[in-house]
There are 2 protein chains.
Amino acid sequence: MYLSSLTELAFGSRLKALSDRFYAAVDEVYRSCGAGIESRWFPVMRFLWEHGPTTVTEMAEAIGQTHSAVSQLANKLVRAGLLLRRDDPADGRRCLLSLTDQGAKSLEKLGPVWVAIRQGMQDSLGPQSRLLQALHDCEQALDAQPLVGKILDRHAVLTQSRVEIVPFEPRLREYFYELNAAWLKKYFVIEPLDEQVLRDPEHRVLEPGGAIFFAMLEGEVIGTCALLYESADLFELSKMAVNEAFQGMGIGRRLLDAAIAEFHRRGGQTLFLESSSRLTPALHMYERAGFVLQPAVRDGSHYQRADVYMIYTPTGAAAPPRKGAGRKN
Amino acid sequence: MYLSSLTELAFGSRLKALSDRFYAAVDEVYRSCGAGIESRWFPVMRFLWEHGPTTVTEMAEAIGQTHSAVSQLANKLVRAGLLLRRDDPADGRRCLLSLTDQGAKSLEKLGPVWVAIRQGMQDSLGPQSRLLQALHDCEQALDAQPLVGKILDRHAVLTQSRVEIVPFEPRLREYFYELNAAWLKKYFVIEPLDEQVLRDPEHRVLEPGGAIFFAMLEGEVIGTCALLYESADLFELSKMAVNEAFQGMGIGRRLLDAAIAEFHRRGGQTLFLESSSRLTPALHMYERAGFVLQPAVRDGSHYQRADVYMIYTPTGAAAPPRKGAGRKN
DNA sequence: ATTTATTATGTTAGCGCTTACATAATTGAT
DNA sequence: ATCAATTATGTAAGCGCTAACATAATAAAT
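Fair warning: this is a prediction, and the values are worked out from it, not measured in the lab. (Residues numbered from 1 in each chain as written. Chains lettered and ligands numbered in written order. Predicted model: local features only at pLDDT ≥ 70, side-chain atom pairs only at ≥ 80, totals over all residues. Heavy atoms only, no water.)

Undergrad: Lay out the protein's contact with DNA strand C with the relevant residues and their values.
TA: Neighbouring DNA strand C are 22 residues; Thr57, Ser71 and Arg85 of chain A together with Thr66 and Lys76 of chain B lie closest to it. When atoms of DNA strand C within 4 Å of the protein are split into backbone and base, the sugar-phosphate part holds 63%. In the environment of DNA strand C, a base oxygen lies 3.1 Å from a nitrogen or oxygen atom belonging to the side chain of His67 of chain A. Secondary-structure elements contributing two or more residues to the surface near DNA strand C are helix 4 (56-63) and helix 5 (67-79) of chain A together with helix 5 (67-79) of chain B. (Near = heavy atom within 4 Å. Polar contact = N/O pair within 3.5 Å; in protein donor to acceptor, adjacent residues only side chain to side chain. Helix = DSSP H or I, 4+ residues; strand = E, 2+ residues; numbered from the N terminus.)

Undergrad: Describe the pairing of strand 5 (residues 211-217) of chain B, naming the residues involved and giving the relevant values.
TA: Residues and elements named next belong to chain B. Counting buried positions along strand 5 gives 7 out of 7 residues, so the element sits mostly inside the fold. Side chains of strand 5 alternate between two faces, with Ala211, Phe213, Ala215 and Leu217 and Ile212, Phe214 and Met216 buried alike. Sheet topology note: the strand 4 (residues 163-167)/strand 5 ladder contains 5 bridges and is antiparallel. From the neighbouring strand, Ile165 faces strand 5, where its bridge partner is Ala215. Summarising the sheet, strand 5 and strand 6 (residues 220-231) pair through 7 bridges and their orientation is antiparallel. Pairing of Ile212 across the sheet is with Ala226, part of strand 6. (Buried < 20%, exposed > 50% of the residue type's maximum accessible area, 1.4 Å probe, protein only. Pairing = 2+ DSSP bridges.)

Undergrad: Please provide a residue-by-residue account of the interface of chain B and chain A, values included.
TA: Often, the extent of an interface is quoted as the loss of accessible area on bringing the components together. Taken together, the contact pairs 84 residues of chain B with 85 residues of chain A. Summing both partners gives a buried area of about 8500 Å² for chain B against chain A, and 68% of it is carried by carbon and sulfur. Our count for the contact surface shared by chain B and chain A stands at 8 salt bridges. The closest approach of N and O atoms between Arg118 of chain A and Glu8 of chain B, which form a salt bridge, is 3.4 Å. (Contact = heavy atoms within 4.5 Å. Buried area = accessible area lost by both parts, 1.4 Å probe. Salt bridge = Lys/Arg side-chain N within 4 Å of Asp/Glu carboxyl O.)

Undergrad: Requested: an account of helix 5 of chain B, with residues and values cited.
TA: Residues and elements named next belong to chain B. Helix length check: helix 5 (13 residues) gives 18 Å between terminal C-alpha atoms against 18 Å at 1.5 Å per residue, within 8%. Taken together, the buried residues of helix 5 touch helix 3 (42-51), helix 4 (56-63), strand 2 (83-87) and strand 3 (95-99). Just downstream of helix 5 lies Gly81, where phi reads positive at about 80 degrees. (Expected span 1.5 Å × (residues − 1).)

Undergrad: Please provide a residue-by-residue account of the nonpolar core, values included.
TA: Generally speaking, nonpolar side chains in soluble globular proteins are found buried as a group. Residues Tyr30, Tyr286 and Phe291 of chain A together with Tyr30, Tyr286 and Phe291 of chain B are the most contacted members of the largest nonpolar core, which totals 174 residues. Those residues within four positions of Phe291 of chain A in sequence are excluded, and the remaining contacts are Leu237, Leu256, Ile260, Leu271, Phe272, Leu273, Tyr286, Met310, Ile311 and Tyr312 of chain A. (Core = buried A, V, L, I, M, F, W, Y, C linked by side-chain atoms within 4.5 Å.)

Undergrad: Please give an account of the environment of Thr7 of chain B that cites residues and values.
TA: As for its position among the elements, Thr7 of chain B is in the loop between helix 1 (2-5) and helix 2 (11-32). Beyond its immediate chain neighbours, meaning those up to four positions away, Thr7 of chain B contacts Arg118 and Leu132 of chain A.

Undergrad: Let's hear about the domain arrangement of chain A: which residues, and what values?
TA: On domain assignment, one finds that chain A holds domain 1 (2-147) and domain 2 (158-312). Domain 1 of chain A and domain 2 of chain A are separated by 53 Å when their C-alpha centres are compared. (Domains from an automatic or database assignment.)

Undergrad: Can you explain the protein's contact with DNA strand D? Please cite residues and give values.
TA: DNA strand D sits among 22 residues. The nearest are Lys76 and Gly92 of chain A together with Thr57, Ser71 and Arg85 of chain B. In the interface set of DNA strand D, defined as its atoms within 4 Å of the protein, sugar plus phosphate atoms amount to 65%. At 3.5 Å, a side-chain N or O of Gln65 of chain A approaches a phosphate oxygen of DNA strand D. One of the side-chain N or O atoms of Thr57 of chain B is found 2.6 Å from a phosphate oxygen in DNA strand D. Considering only residue class, the surface near DNA strand D consists of 3 nonpolar, 11 polar and 8 charged. (Nonpolar A, V, L, I, M, F, W, Y, C, P; charged D, E, K, R; others polar.)

Undergrad: So, the packing of aromatic side chains: which residues are in play, and what are the values?
TA: Using the criterion set out here, one finds 26 aromatic pairs over all chains in the structure. Centroid distance Trp183 of chain A to Phe188 of chain A: 6.3 Å. Interplanar angle 85 degrees. Geometry classified as edge-to-face. In terms of burial, Trp183 of chain A and Phe188 of chain A fall into one category: buried. Ring centres of Phe291 of chain B and Tyr312 of chain B lie 5.6 Å apart, and the angle between their planes is 40 degrees; this geometry places the pair in the tilted category. Note that Phe291 of chain B is positioned in the loop between helix 14 (280-289) and strand 9 (292-293) and Tyr312 of chain B in strand 10 (residues 308-312), a separation of 21 residues in sequence. Connected via pairs of aromatic rings, a cluster forms that spans Tyr229, Phe235, Phe263, Tyr286, Phe291 and Tyr312 of chain A. Above the face of the Tyr177 of chain A ring, Arg199 of chain A is positioned so that its terminal group lies 3.6 Å from the ring centre. The residue whose ring lies beneath Arg305 of chain B is Tyr303 of chain B, and the NZ or CZ to ring-centre distance is 4.3 Å. (Phe/Tyr/Trp six-rings, centres within 6.5 Å; stacked < 30°, edge-to-face > 60°. Lys NZ or Arg CZ within 6 Å of the ring centre and 35° of its normal.)

Undergrad: Outline the pairing of strand 6 of chain B, supporting the account with residue identities and numerical values.
TA: The loop that links strand 5 of chain B with its antiparallel partner strand 6 of chain B comprises 2 residues; one of these, Glu218 of chain B, has a positive phi angle of about 50 degrees. Where strand 6 of chain B folds back onto strand 7 (residues 234-242) of chain B in an antiparallel hairpin, the turn is made up of 2 residues.

Encoded structure:
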């Protein structure tokens, strides 16, 4: 499912969806047992059952909703004959909610259904009710420290500190490997040529006349990219990688700009890249930077995964279709 | 929070509440960053950003909502200038959604915000994103096997097999202790007198002229209760316990009825009990069975926790207030 | 004792989503 | 080629909830 891939970012949506699934399931169970109540009524009715007459506000606090919600639900339940509303003799503002005999009787019949729900849900909640436990911890964490504050703090740190693009240094060599290995392993496999280039960038990239750049944030290496020398006027853009946690911040674009600048500085005429149609966000970025999609992959492509071939030229003109190109797919 | 105490039964409500908290928090973050978008727009916009133009139905499937929801949201986003709607040239029914330049630009600025959200939420999700992991497992479990079926299966088993009430047997001795220890430890503490009676029911309950009953379901011991001899016509109801998973099924009432029947059989005139005002559901059950709340606790009460004193008499008449009673609290 | 806050509740409008229906375009069967 | 099924979408009504307001009763301050 797509939402899972967004992890923390679409968390609310997933919780909502799961909540709806549970409500719907329990409603169906109630219906097919002829229980005569709905899942959303449960917290109010059960609370009354356990605690006896309760005011609207007390109830709202107990079940974590607004007094409006309780008031409206109470009206509905009164209409259904399950609830009783009467004025509190001690305080004219308050009104006491309580179960009617019919309401109490409905609940009493429900015991086995609840047990069945409990037992039936055990599987879904994981061993030792892991989801329940995690949910509880999460609620506690949010109560203890407001989420908004934490997020804004992180945001302030992230935006105040600037991302810098720096050229290759030997002490950063391992990051060139690690950052690229991460996405290669995630989407494809590390091919032998990858291994050679990534393990020995000095001999494979720099000495032939190429360049490597790193993106740094607060001293942390969060991205890299390489410009490979093919011939005096032909270069290849390759080994672009940004740490997953920092994707979407425009860091890839910064690295790309640095590589293109270096390509110009060295008097290149054509800059090409090979990529995969599965890496859509990256492809869009290349397009926006001026790369033009070619109708067919390059002859003698370096990599198994390559099914996309793009070219950038200083003039901005699209490179002419190559011999034998033009066929679809 | 009350809902936590309902564990599996109010699970949907808690998920919904948590979902709303996350939506609200992220919305506030977006507002204070001047992002110009809302949290609920995120899945649609992000999907378009990653995948390019998409039809309404594709989108609905990807983000797990109805096509109506997508259609309506799309209208809103078009009005906000973030989305573009155009007819699919290949299929007149379809319509392609895509980001406007402004929409794409809004998202690109958001990179750091998303990273901040990710990092800020780490705490709330527990070590190794435990909540996220548990959520994923739960979704999988529900996909694999429909919850309704599981619950109804359990329900069928529970209702077909009858609960039986049986008298004391030595092989059940340990359950008398375990079932009572559970609620004593949960709400109060195990007092010395509890320990003596529960550990040695033969000498402390049966030999003096009392009785003990167990509730059995499918060979499993799920509840117990004791009738204690005080004098020829005075008995005490005590040590009533039902396994938490089977509460609310009327098992307490079955045990109580058995004990009252035995009380009659032995020619008792007065049956009293001591309980705590914290055990509201139990108190209601006693009332429904004919016990009458006394205005003050018994002189020389056996237990620290006792602040409720109730009496049952065969005639059903309320026992007369005792000497010194009648004062409030 | 009078005024001012606070508290408890009901009411209205609105949001996000669903269900149910309507409509149009496309595909498939004969 | 024709007509029925399927598919893609939009729209209306409704549900559950919230926010914002209105109102009445109570508590607190002077």
